[in-house]
Amino acid sequence: MAKTALVVGASGIVGSATADLLAAQGWTVHGLARRPVTQAGVAPVAADLTDAAATAGALQGVNPDAVFITTWLRQDSEAENIRVNSAMVRNLLDGLLKPKGPRHVALVTGLKHYLGPFEAYGKGSLPQTPFREEQGRLDVDNFYYAQEDEVFAAAARDGFTWSVHRPHTVIGKAVGNAMNMGTTLAVYATLCRETGRPFRFPGSAAQWTGLTDMTDAGQLARHLLWAAETPAAANEAFNVVNGDVFRWQWMWAQIAGWFGLEPAPFDGSVQPLERQMADDADLWRTIAEREGLAEPILARLASPWHTDADLGRPIEVVTDMSKSRRLGFIAYQPTDDAFFALFARLRADRLIP
C-alpha cells in the first residue's frame, strides 16, 4: 500500500537524501523547507517552522504516515537554540492533522547528545566511548533534549510512535547548510591545490591519532526508513554510523590523494580552517568564475567553524550501533567511499572544479 511521508528540512544534507530514498521506494513525499528546492518525486512545502500559524496553514492537506524531522536553526546561545528549535518541533507537530491511523515521527539529532552543546562541547564529565544509547542525557541544557521532549509530549497526546536517530558527522551534499564537513574539505583541498598552500590537517592530535567514525547521509536515510517500517524500532533512540572506524592520519591521505595533493606532515598543532580560510572568499569567487562553477559564494559551501569543532575535539569519539544491529539494521557504508562519492557528485554538479 502506498505510503506518504513528510520530510522536514528537505533541502538539507539529511533531508534531501531521505526524500530521494523515499521517492525511490515508491512513497508519496512532501518536502518541507523555508525555501524548497526542486527535487524529483518530491512535492514542495514552503513553511517557516518558527511561525505556528503559517506552519499549520502550509500543512493543510498533508496527512503523512511518517514524518522525518531533519532540520534545526543555529542561534547565538544554547538558551536560544532551545527556545527556537523546540518551538519549531512543537509548531510542526501541532500543525499537522491529528493522525487517523498509525503514524511515525523520526527525529534526527546527533552525538552532541553525549558530547554536550556547542557552548560546552566535549568538556566536563563525558560518558565513556564508544557512546551507547543507554548512557542517557548529560546534566546540561541541550536543544537536542528539548526537541526530544516535544516529540515525546506530542506522541503521548496524539498516539504516534517515534524514533530518535543520533548520527556522527554527516557526509552528504547540500548548499547553504550550516554543518557540512565533506564539502568544506573539498573546498579547502581545491583552494590548497589552487594556491600551493599545504593541505594541513586543522585539528587536534587526539583526532589525528585516535579512532573515529562518521555517518553517510544515505546510510542515515536508510536507517530512518528502517525505523519507520520496523515495529521493534518504535519508541527507541538509536546511534547511526557507517559501520567502519578510521584514524584521520589515514583518511587525510585518502582525501589528499583524491584531489591530487600530498598531505602536509602533522606537527601536533591545531590550525583551524576558520582561520586558514578567513580571506578566501574572493579567491573562491575567482575560481568559480573561471571554472564556471554553480556557487561562487564560499560561505554557502564551506562551514569551517563546524569542521573545526569536530576535528579539534580533545577526545577520541566512536559510536556503538549494537542496538540497531540486534534489531536487524545491517547496512554498511565505508567512509572513504562516502567521501569519494560526495566529491564526485560535487564535481559533476559543478560545485567544485
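Residues numbered from 1 in each chain as written. Predicted model: local features only at pLDDT ≥ 70, side-chain atom pairs only at ≥ 80, totals over all residues. Heavy atoms only, no water.

Asks: Help me out: how do you make sense of the overall build of the protein in this one?
Replies: The helix and strand tally for the protein stands at 14 helices and eleven strands. On C-alpha atoms alone, the protein measures out to a radius of gyration of 20 Å, which is about the 20 Å that the 2.2 N^0.38 rule sets for 353 residues. By principal-axis analysis of the C-alpha atoms, the protein measures approximately 60 × 45 × 35 Å. For the protein, the residues scored as buried account for 54% of the 353 residues in total. Pairs at least 24 residues apart make up 78% of the contacts formed inside the protein by residues separated by at least 6 positions. (Helix = DSSP H or I, 4+ residues; strand = E, 2+ residues; numbered from the N terminus. Rg over C-alpha atoms; globule rule 2.2 N^0.38 Å. Buried < 20%, exposed > 50% of the residue type's maximum accessible area, 1.4 Å probe, protein only. Contact = heavy atoms within 4.5 Å.)

Asks: Even after reading the chapter, I still don't get the packing of aromatic side chains, so can you show me in this structure?
Replies: Aromatic ring pairs are reported here in terms of the distance separating the ring centres and the angle at which the planes meet. Considering all chains together, one arrives at 22 aromatic pairs under this definition. Taken together, the ring pairs connect Tyr 188, Phe 199, Phe 201, Trp 208, Phe 246, Trp 248, Trp 252, Trp 258, Phe 259, Phe 266, Phe 339 and Phe 343 into an aromatic cluster. Sitting over the ring of Trp 305, Arg 74 keeps its end group 3.5 Å from the ring centre. One cation-aromatic arrangement involves Lys 323 over Phe 238; the distance from NZ or CZ to the ring centre is 5.3 Å. (Phe/Tyr/Trp six-rings, centres within 6.5 Å; stacked < 30°, edge-to-face > 60°. Lys NZ or Arg CZ within 6 Å of the ring centre and 35° of its normal.)

Asks: Teacher, can you tell me more about the pairing of strand 2 (residues 28-33) here?
Replies: The two faces of a sheet get side chains in turn, since along a regular strand they alternate between them. Most of strand 2 is tucked away, with five of its six residues classed as buried. By the bridge criterion, five bridges tie strand 1 (residues 4-8) to strand 2 in an arrangement that is parallel. Paired with Val 8 across the bridge in strand 2 is Leu 32. Between the parallel pair strand 1 and strand 2, the chain is carried across by helix 1 (residues 13-24), and the sense of this crossover is right-handed. Pairing between strand 2 and strand 3 (residues 42-46): five bridges, direction parallel. Bridge pairing in strand 3 links Leu 32 to Val 45. (Pairing = 2+ DSSP bridges. Right-handed = clockwise from strand over helix to strand, strands pointing away.)

Read these as geometric descriptors, not functional statements.
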